[in-house]
Structures are given as structure tokens and as C-alpha cells.
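# A structural walkthrough
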Amino acid sequence: MIDFLIYDLKVALLIAVFYMFYRLMLARETFHRVNRIVLLATAVASFVLPFCVITTHQTVVMPMPTIDVELGAAVIEDEAPSVPFWQTALPILYIIGLVATLANTLWSVFRITSLIKHSEQHPQDDGTMICVTGNAALAPFSWMHYIVMNRSDYETHDAAILTHERGHIRLHHSWDLILVDLLTAFQWFNPAMWMLRSDLRTIHEYEADGAVLSQGINARQYQYLLITKAASIG
């Protein structure tokens with residue numbers, strides 16, 4: 001377990017370094033597709049690179065054990081050292097954080113799937129499914145090929161909302177979230193991983209907004225819609 005923790009610390013260091021370079025060099029850029037790829041590659045590469053090590057071979061001469069002639073048995077000169085407390089406490093603390101983070105992710109997925117299962121479903125020609133719920137305070141969101149919204153938004157049939165959520169679906173943002181959330185569970189102690197995760201979600205929104213504007217929807221009206229939705233949620 002200690003070897004795995006050492007590996008995870010190497011991963012944490014790589015994520016912190018890569019993320020720092022991303023913030024310095026790319027975070028202000030508007031090439032959202034490139035930024036998304038960089039963040040995903042950063043997360044995955046940080047978990048892979050610690051395995052890419054150069055090994056060298058060295059001949060080591062092992063000392064011969066002393067022999068007790070009278071008893072005819074090997075006498076072990078060095079006794080096994082006792083295990084320090086931190087080598088027991090750290091793995092336990094890490095596992096608690098890992099399980100708690102994974103449980104929170106699984107609980108979120110369960111709530112979404114349960115909400116979809118109990119919603120009023122309307123299949124669409126493009127393969128998506130609009131799921132209508134009775135929760136008036138629920139903001140529209142998408143998960144896999146489902147678009148979830150409250151009845152008021154569904155009856156309004158606002159093209160901007162649907163285009164935004166279809167943008168998330170077309171760009172497979174749900175798969176990004178699953179991957180990064182799983183990796184975050186193993187890096188729950190690393191602030192850089194949580195910031196990377198937050199930046200990726202923001203990029204998802206920029207990409208979905210870009211999908212709306214590319215359809216010719218008025219930018220000013222769309223901004224007003226976003227402000228209105230944010231105010232209603234708050």
C-alpha cells in the first residue's frame with residue numbers, strides 16, 4: 001500500500017506541474033476544444049507517466065548469514081523493524097477519502113438516473129430523449145443522451161436551451177465527467193485535481209454556448225436567458 005501511495009504522490013506532483021503550465025499558458029485562450037483536450041490529456045498522462053521509468057541493473061553482493069555451529073542453524077543478525085504508526089494511518093486515511101469521494105460520485109449518478117427513470121420521457125428525432133420533471137426549480141441539464149428539464153422549460157420549448165444541452169450531448173461531455181470524477185477519487189487530496197475538474201466543467205459550458213451561437217441564435221438574447229435562469233435558480 002505504501003508503494004501505491006508513493007505512486008499517487010508522483011501523480012499528484014505531475015498534475016500540479018502540468019496544471020500550473022496550463023493556467024499560465026492556455027487558460028486565457030478561447031480555443032476551448034484545445035483546452036479540453038489538454039486538461040483530459042493532463043489527467044490521464046499524470047497517471048501513466050510514473051510507470052515510464054528507466055531501469056538499470058546493478059550487481060549486489062549479499063552478505064552470508066552467520067552460522068551457529070553448535071545449533072546448526074542460521075542466525076539472523078538484523079531483526080525486522082517495527083512498522084511506524086504513519087505507515088498504518090496514511091493508508092487508512094487515504095482509503096477513507098477514496099471511498100467517500102467515490103460514494104459521492106456514485107450517489108450523484110444514482111440521483112440522476114433515478115430522476116430520469118421517474119420523468120416523463122419524450123424521444124426526439126436526433127436520438128436524444130427529453131425528460132420532463134415536476135421540479136420547477138430544476139435547471140436544465142444533460143446526461144449521456146438525456147436532456148432533463150422542468151415542465152415550464154419544456155412547454156416554452158426554447159431553442160437556445162435545447163441547442164445548449166444537445167451541444168453537451170454531441171460533444172460527449174458526460175464521458176469526460178465520468179473519467180475525471182474517477183481520477184479525482186484517487187487524487188481527492190490534491191487541490192490541483194479539483195481545480196482541473198472545475199476548469200473542465202467550465203470549458204464544457206463554453207463549448208455548449210458556442211454550439212448555441214453557431215446556430216444563429218442572438219447572442220444578446222441568449223445572455224439575457226442565462227441571466228434569467230441564474231436568477232431563477234438563485
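Computed from a prediction, not measured in an experiment: that's the story for all the values here. (Residues numbered from 1 in each chain as written. Predicted model: local features only at pLDDT ≥ 70, side-chain atom pairs only at ≥ 80, totals over all residues. Heavy atoms only, no water.)

### Thoughts on a nonpolar patch on the surface
Convention followed: Two joining distances apply to patches: 9 Å for like charges and 5 Å for nonpolar side chains (Val, Leu, Ile, Met, Phe, Trp, Tyr), and every residue must have over 30% relative accessible area and no salt bridge. The Shrake-Rupley method, run with a 1.4 Å probe sphere, supplies the accessible areas, and residue values consider only the shown protein chains as cover. Salt bridges, as used here, are contacts in which a Lys or Arg side-chain nitrogen is within 4 Å of a carboxyl oxygen on Asp or Glu. Three labels apply to residues, based on accessible area from a 1.4 Å probe with only protein chains included: buried if under 20% of the type maximum, exposed if over 50%, partly exposed otherwise in between.
Side chains of Leu13, Val17, Met20, Phe21, Leu24 and Met25 sit close together on the surface and give an oily, nonpolar patch of about 630 Å² of accessible area. Owing to a relative accessible area of 66%, leucine 24 belongs among the exposed residues under this scheme.

### Focus on the sheet that holds strand S5 (residues 141-143)
The cut-off we apply is this: DSSP bridges decide pairing: two strands pair if at least two such bridges lie between them. Going along the chain from the N terminus, every DSSP run of H or I of four or more residues is numbered as a helix, and every run of E of two or more is numbered as a strand. In this analysis, axes come from line fits to C-alpha atoms, helices being fitted only over the stretch in contact, and the angle between any two N-to-C directions falls in the range 0 to 180 degrees. By definition in these notes, contact holds between two residues if any of their heavy atoms fall within 4.5 Å.
Pairing is mixed in the open sheet, where 4 strands are placed in the order S3-S4-S6-S5. Two strands lie at the open edges of the sheet, namely strand S3 (120-123) and S5, each paired on one side alone. Geometrically, the sheet is characterised by an average inter-axis angle of 25 degrees between neighbouring strands, direction not taken into account. Relative to the sheet, helix H5 (residues 159-170) contacts strand S4 (129-133), S5 and strand S6 (146-150), its axis offset from that of S6 by approximately 150 degrees.

### Observations regarding the nonpolar core
Filter applied, for reference: Definition of nonpolar core: a set of buried residues of the types Ala, Val, Leu, Ile, Met, Phe, Trp, Tyr and Cys, connected through side-chain atoms within 4.5 Å.
Residues Ile15, Tyr19, Leu39, Phe47 and Met193 are the most contacted members of the largest nonpolar core, which totals 16 residues. Counting 11 residues, the second largest nonpolar core, distinct from the first, contains Ile130, Val132, Met149 and Ile169.

Everything listed here is a matter of coordinates, which is why it stays silent on function.
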